[in-house]
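# Understanding the architecture of this molecule
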Amino acid sequence: MISRKLRIARRRAARYIWGMQHESSYHYRVIGRAIEAIDRAGGGTLPLDALAAEVGLSPAHLQRVFSAWVGVSPKRFQQYLTLGHARTLLRERFTTLETAGSVGLSGTSRLHDLFVTWEAMSPGEYASGGAGLEVFWGWFDSPFGPALVMGTDKGICGIAFAAESGEDAAMADLRGRWPNAAFAEAPDRLAPWVAAAFGTAPQQKVPLVLIGAPFQIKVWEALVTIPSGQVTTYSEIAAAIGRPRAVRAVGTAVGRNPVSFLIPCHRAIRKTGGLGGYHWGLPVKRAILAWESARAEA
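Overview of the structure. Predicted model only: the values in this text are computed from it and were never measured. (Residues numbered from 1 in each chain as written. Predicted model: local features only at pLDDT ≥ 70, side-chain atom pairs only at ≥ 80, totals over all residues. Heavy atoms only, no water.)

## Describing the pairing of strand 4 (residues 155–161)
A large share of strand 4 lies buried, amounting to seven of its seven residues. Bridge analysis of strand 3 (residues 145–152) against strand 4 gives six bridges, and the strand direction is antiparallel. Along strand 4, the bridge assignment pairs Ala 147 with Phe 161. Hairpin connection of strand 3 to strand 4: two residues between the antiparallel strands. (Buried < 20%, exposed > 50% of the residue type's maximum accessible area, 1.4 Å probe, protein only. Helix = DSSP H or I, 4+ residues; strand = E, 2+ residues; numbered from the N terminus. Pairing = 2+ DSSP bridges.)

## Looking at the pairing of strand 3
Taken residue by residue, a regular strand's side chains alternate between the two faces of the sheet. When you tally the buried positions in strand 3, you get seven out of eight residues, the bulk of the element. Two elements, strand 2 (residues 134–142) and strand 3, share seven bridges in a ladder whose sense is antiparallel. Counted as the bridge partner of Phe 140 is Ala 147 from strand 3. Turn length for the strand 2-strand 3 hairpin, with the two strands adjacent in sequence and antiparallel, is two residues.

## Some remarks on unusual backbone geometry
Even without glycine at this site, Phe 261 takes up a positive phi of about 75 degrees. Looking at where Phe 261 falls in the secondary structure, it is placed in the loop between helix 14 (247–255) and strand 8 (268–269). Judged by relative accessible area, Phe 261 falls into the buried class, the value being 0%.

## A few points about the pattern of salt bridges
Under the counting rule described, the total for this entry stands at two salt bridges. Taking the shortest distance from any N to any O, the salt bridge between Asp 173 and Arg 177 comes out at 2.9 Å. Here Asp 173 and its partner Arg 177 are both found in helix 10 (residues 167–177), four residues apart, which amounts to about one turn of the helix. Among the residues examined, Arg 177 registers a relative accessible area of 10% and is labelled buried. One salt bridge connects Glu 292 with Arg 267, and the closest N-O pair in it is separated by 2.7 Å. Taken together, the residues Glu 292 in helix 15 (residues 282–297) and Arg 267 in the loop between helix 14 and strand 8 connect sequence positions 25 residues apart. Here the two residues Glu 292 and Arg 267 agree in accessibility, since each one is buried. (Salt bridge = Lys/Arg side-chain N within 4 Å of Asp/Glu carboxyl O.)

## Remarks on the nonpolar core
Judged by nonpolar contacts, the single largest core of 78 residues is most densely connected at Met 150, Ile 156, Phe 161, Leu 223, Val 254 and Leu 262. In this structure, Leu 89, Ile 269, Leu 275 and Leu 289 belong to the second largest nonpolar core, which totals five residues. (Core = buried A, V, L, I, M, F, W, Y, C linked by side-chain atoms within 4.5 Å.)

## Side note on the environment of Gly 130
Here Gly 130 shows up in the loop between helix 9 (123–127) and strand 2. Residue class for Gly 130 comes out buried when judged on its relative accessible area of 3%. Setting aside its immediate chain neighbours within four residues, Gly 130 contacts Glu 125, Trp 178, Asn 180 and Ala 181. (Contact = heavy atoms within 4.5 Å.)

Pasting the structure below:
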């Protein structure tokens, strides 16, 4: 049995290596403070000096952090973090899933960008609560805060963001999805997939294992056809899977998506332009949408 000290040492080593290679989690914390500052401004634009003072950095340092993270200036990025950005996306970057599905692995598709492949467990395997399944897990820094990643020998089956919920809650949430599975900490087994997922190993495939009820899996398969930088609505997803009246059930299935970011539930918003919900916290959803929008422009 691996000792507790060894497990802690492995976890720290994985975080250190990841953090040394990428300062993304640091950038996220800066962005998180910037979001709060922008919200307090009530829709007004904060000059670079004022925004830098709010987040505790020099203007030059803030400019470098923003530019390195998304490739656009802080002033431009503020437009993506405003509460009205979802409405702008709905108006200018709305995608119908019928079109997205027919295009398939288009050049702007997140699915294509990540070389994602996936397979779903059978209904019987899902009903067993993961009995007989070995799930590996590890903590990693991501552009959106601490990320708990879980996977089987076939691929990633879970990604949770803990910036808002906390690490204990994120762990309990994902483990509760498959209560009868055997869990083992093994960040080294997941690291190549995680690097590809967050864009540092673009040629590495990211295999996914979809562990859910049949209806949920249909919804998740629809989500992965939404191109990066675009959004759709819950009602559009319901129509795309042949259940136009099941908008509420679709919303629930979107919220139960265990593989955040790779299965892009953050790209589903309300017809009114409201963000809707997000299982890992609305600030995280807004940050992801802003990051994708800015990357699409850059």
